[in-house]
Amino acid sequence: MTNTRQIRKNKLRDFFSQPANIILVVFLVLLTITTIYPIITMILKSFTITTMETMMFPAFDDGDLFVDGWIKLLGGSDWSKARFYTPFIHSLVLSATSSFFAVLIGGIFAFFVCRTNIRWKGIISTLFIFPYIMPSWTIALFWRDFFVNDNIYAYNGLFTSLFGLKVPEWFVFGGFPIGLTLGIHYAPFAYILIGGILKNMDANLEEAATILKTPRSRIITKITLPIVLPALLNTVLLVFASSISAYSVPVFLGSPADYSTLTTSISFFKTSYPSLQYAVGLVLIILGLTILGINNALTGKRKSYTTVTGKSSQISYIDLKAGKTIIAVIGMIIVVFISIFPLIVFFLESVLVDHTSYAVSNWTSLYWLGDPNNKELISSIYMYEGGILRMKSIWKALGNSLLLSVSCALIAGTCGLLTGYAVVRKSNTRLAKIVSTLAFLPYLIPSLAFGLAYLAFAARATFLMNSLALLVLLGSIKYMPFATRSATGAMMQLSAEIEEAAILTGTPWWKRMVRIIFPIQKSSFLSGYLLPFISCMRELSLFVFVIADNRMILTTFMMYFDEKGLPQYGNAINMLIVLVVLFINLSINKLTGASIDKGVGGN
Amino acid sequence: MSRIVLENITKRWGDFVGVDNLNMVIDDRAFVSLLGPSGCGKTTTLRMIAGLETPTSGRITIDGEVVFDSEQGINIPPSKRDVGFLFQNYALWPHMTVYQNIAFGLENLKWSKEEIRTRVDELLALLKIEEFEHRYPSELSGGQQQRVAIARTLAPRPKILFMDEPLSNLDAKLRMEMRVELKRLHLTTDSTFVYVTHDQLEAMTLSSKVAIMEKGILKQYADPLEMYNKPSCIFVGDFIGNPTMNFLDAQYKDGTVSFTGLKAKYITEDGHQINCEKGDSKDVVLGIRPEYIQIRDEGANKGTIFSTLPSGMETTVKININDTIITSVVFGSVDYPVDKEVSFDFTGNSIILFDKENGDNIAIGRLEF
């Protein structure tokens, strides 16, 4: 007699006796609540009328379900064109531009560093990563403050002050500079991904072509490029997904020229049509998911590229001959321009009394160290609040930023590590595939939309409203994909036998994790903590609409000053953020060996 | 004429010497194997001749043309050396079909479409891979990939073909088949083959000449049978042959050797003198191939069976003589019970005396009890 109930019970017990399965089930529930549920809430919110909107749609009462908002948004009227379709096109254009520049710049640098004997590889490589560590708007602000002139904006920037030349408006404000500066910000990301492939690519593939008398140019176009193409496409899509949700950059470089994007539209709707901000947020999410779909469709075709990882023991560098110095000099000029120069400009702009003049006589330390209680200064300088290093509110914001980032890093890092572990251990099971997709989803949901989703979520779970817990949850889930990615990569390199050897000696699971698995891949796992930390420190769009005024973090503070027209304060805070992030990144890198490139998936 | 001459070739990476002052001549249409344990510099040597690696110093001449000379600063790129190279991992381009992989090199030579078609068809037939023409490498098995790689290498009819352990990724049966085909290919293509392997059997069976290397130094360069019968040193004697040669510590004094409690007269093959003063004793190592230890009832020496490894065609027998284990081979399907006492003789004229100090071959001869 077979007892089916007993059999089922045994099977269940067996299933849950494996820690990897428990982790998968827990994260299936957790990630469903934290990613799917907020999105559902957003959908509902986009169909729910608010008090403010009842004036526009008198037929409805506050809280009624309605579709008229969506119809107004998508209807095609002049209003809908100006508020939705034009921004939609702009968003696509600038994201495409950004992907193009990121892959172009990152790819070229990756090629020279990984494949040629160019000089100063170490320093170029280190400096090139800077723009990714710095907040995304850093380059944008730098671009604006460097190239701006009084024909198109309030004052002359350093470029005009130095050379007396005035660039046209399209060069400073609009789609081109937004795409370019975002592209520069994401170029290191492309550099790390493409560089990883180039480094791992079997050098024999190129040598085989060399032997068959293939000209250098043909090797690059017919062998190297096609082989890195999937990685290239993958990078394009990831940068596209990140760029489309950029908020601060369009604010800095778009608003002055009335160049609106989906993200600035959300900001506009926030005060006038609250339900529509969710609608536009959903459009951003749909775009993100479309990108995931395209990415999945493009990979896993017949021409499998899995053979890319061969033995790469004998990488032969292309000899640039005399060019190795010349190209290195050009490379250095570019990296200095995008990584060191912005810092100098920020510093300069934070020490100017009158931000239109760079004369040394005009320099001041007031915005850094000034006494906040000096009555004379308060009355003489517009909106003077004291030097940022002496402002209590700034220190509080720095404290908030650090607390938030450390919490997010700990949670995201640990959850990512566990998920990565369980997904690799149970790879090929349907459960593992679902959990790994769910864990990657937040990456594709634009920050701004994700923030909105949590705002909607908090409106239902009111205990979360305006709490630090909400911000921590938001940041942790949004940045978990980074940690999952690096943990998955690290786990894949670790053969199961290593853990199995410990299982056979009766070592409990937690001990295997702490004593065996973690120590072996320490630096990769720690990178999974580092990346969420850095991303959180420099994050603005994710938190900008969710954060309460009494819980300002450094980035929102910076935005506050910039909106008030106080560039010295804005620049000083930006400088402070960049220095804190660079300092922490460098110390962790030196102390533990964890690094951004390992987190992103490079080597 | 595709004669390759290496003169004083050295390759250094910092303090590490990969290849040390290598001198070698590879004759036209030869099948030369570079043999040695991993890390001995054989692949580096191959890559240097092909031009994929730059030697630190020395000179390489192919077909009378100097392709590398460190003193004159000559370094002809691999594409101009008219060579083919078969990689260990095949290095097939994953984004191209079998046809495209094979045709690629011919396109570089600006062959016409029809010529390429004809040549590729010829190779597909030669290597029996016609039906895979439109497949991608990832859709082929290891053996099929291997054939495609060979076809791609042969397509432009290179005068010299370099092969870097091309069979090491195949299973034992396929490896045997491919050996036969490679040897036939060598005859049909009329090219010079330079082959890298760590498998002594492969080197022995395929090559017209074997170069054996250890730690970057060329130990012996000879035809396989000469190398088998007259190894230049203990390392070569040990590396070549399976089961391996017996090495027995011995004392040489006034024309006699004493080892493991036995004593015998040592008569050199050509009567040449061993450099050892009369009355002096010298530490030597006796090198005896297993087939020169013959088990027979009337044998002069006695020992007990330690262990046997019958394979059907032959049986490897381990014999214990006074607590030293020696290896013998008996042909035919025979087996012996363990601990049985057997008689045996040391036969043949190819018993070698090595200098214990430096491992060099000092004499070849026979033992007389």
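Look up a bit, the structure's there.
All of these numbers come straight from a predicted model, not from anything done at the bench.

Participant: Honestly, the pairing of strand S22 (residues 361-368) of chain B in this entry has me stumped. Any pointers?
Facilitator: Moving residue by residue along a regular strand, the side chains alternate between the two faces of the sheet. Residues and elements named next belong to chain B. Direction of pairing for strand S14 (residues 262-268) relative to S22: antiparallel, over a ladder of 4 bridges. In the strand pairing of S22, Ile267 is matched with Arg366. With 4 bridges connecting them, strand S21 (residues 351-355) and S22 associate as antiparallel partners. Opposite Leu353, over in S22, you have Ala363 as the bridge partner. Here S21 hands over to S22 after 5 residues, with Gly359 in that stretch at a positive phi of 80°.

Participant: Explain unusual backbone geometry to me, please; I cannot follow it from the model alone.
Facilitator: For residues besides glycine, phi is generally negative; the peptide bonds are generally trans as well. The linkage connecting Asn242 of chain B with the following residue, Pro243 of chain B, adopts the cis geometry, with an omega of 0°. If you trace the backbone, Pro243 of chain B turns up in the loop between helix H8 (234-239) and strand S12 (246-253). The phi angle at Lys321 of chain A is positive, at roughly 55°, despite the residue not being glycine. Classification of Lys321 of chain A by relative accessible area gives exposed; the value is 59%. With a phi angle near 40°, Glu165 of chain B is a residue other than glycine that sits in the positive phi range. Relative to the elements of secondary structure, Glu165 of chain B occurs in the loop between strand S8 (160-164) and helix H5 (172-189).

Participant: For this particular structure, what's the right way to read the interface of chain A and chain B?
Facilitator: Much of the literature gives interface size as the accessible area that the parts lose upon coming together. Taken together, the contacts link 24 residues of chain A with 31 residues of chain B. For the pairing of chain A and chain B, the buried interface totals around 2,600 Å² over both sides, and the portion due to carbon and sulfur atoms is 60%. Between chain A and chain B we count 3 salt bridges in total. With a closest N to O distance of 3.7 Å, Lys213 of chain A and Asp82 of chain B form a salt bridge. At the junction of chain A and chain B, the tally comes to 9 residue pairs in polar contact (both at pLDDT 80 or more). Counting only elements with at least two residues in the side of chain A that touches chain B, the list comes to helix H11 (203-211) and helix H12 (216-244) of chain A. At 7 residues, the largest contribution of residues to the side of chain A that touches chain B is made by H11 of chain A. Residue composition of the side of chain A that touches chain B, by class: 10 nonpolar, 6 polar and 8 charged.

Quick notes on the rules
- Residues numbered from 1 in each chain as written.
- Chains lettered and ligands numbered in written order.
- Predicted model: local features only at pLDDT ≥ 70, side-chain atom pairs only at ≥ 80, totals over all residues.
- Heavy atoms only, no water.
- Pairing = 2+ DSSP bridges.
- Helix = DSSP H or I, 4+ residues; strand = E, 2+ residues; numbered from the N terminus.
- Buried < 20%, exposed > 50% of the residue type's maximum accessible area, 1.4 Å probe, protein only.
- Contact = heavy atoms within 4.5 Å.
- Buried area = accessible area lost by both parts, 1.4 Å probe.
- Salt bridge = Lys/Arg side-chain N within 4 Å of Asp/Glu carboxyl O.
- Polar contact = N/O pair within 3.5 Å; in protein donor to acceptor, adjacent residues only side chain to side chain.
- Nonpolar A, V, L, I, M, F, W, Y, C, P; charged D, E, K, R; others polar.

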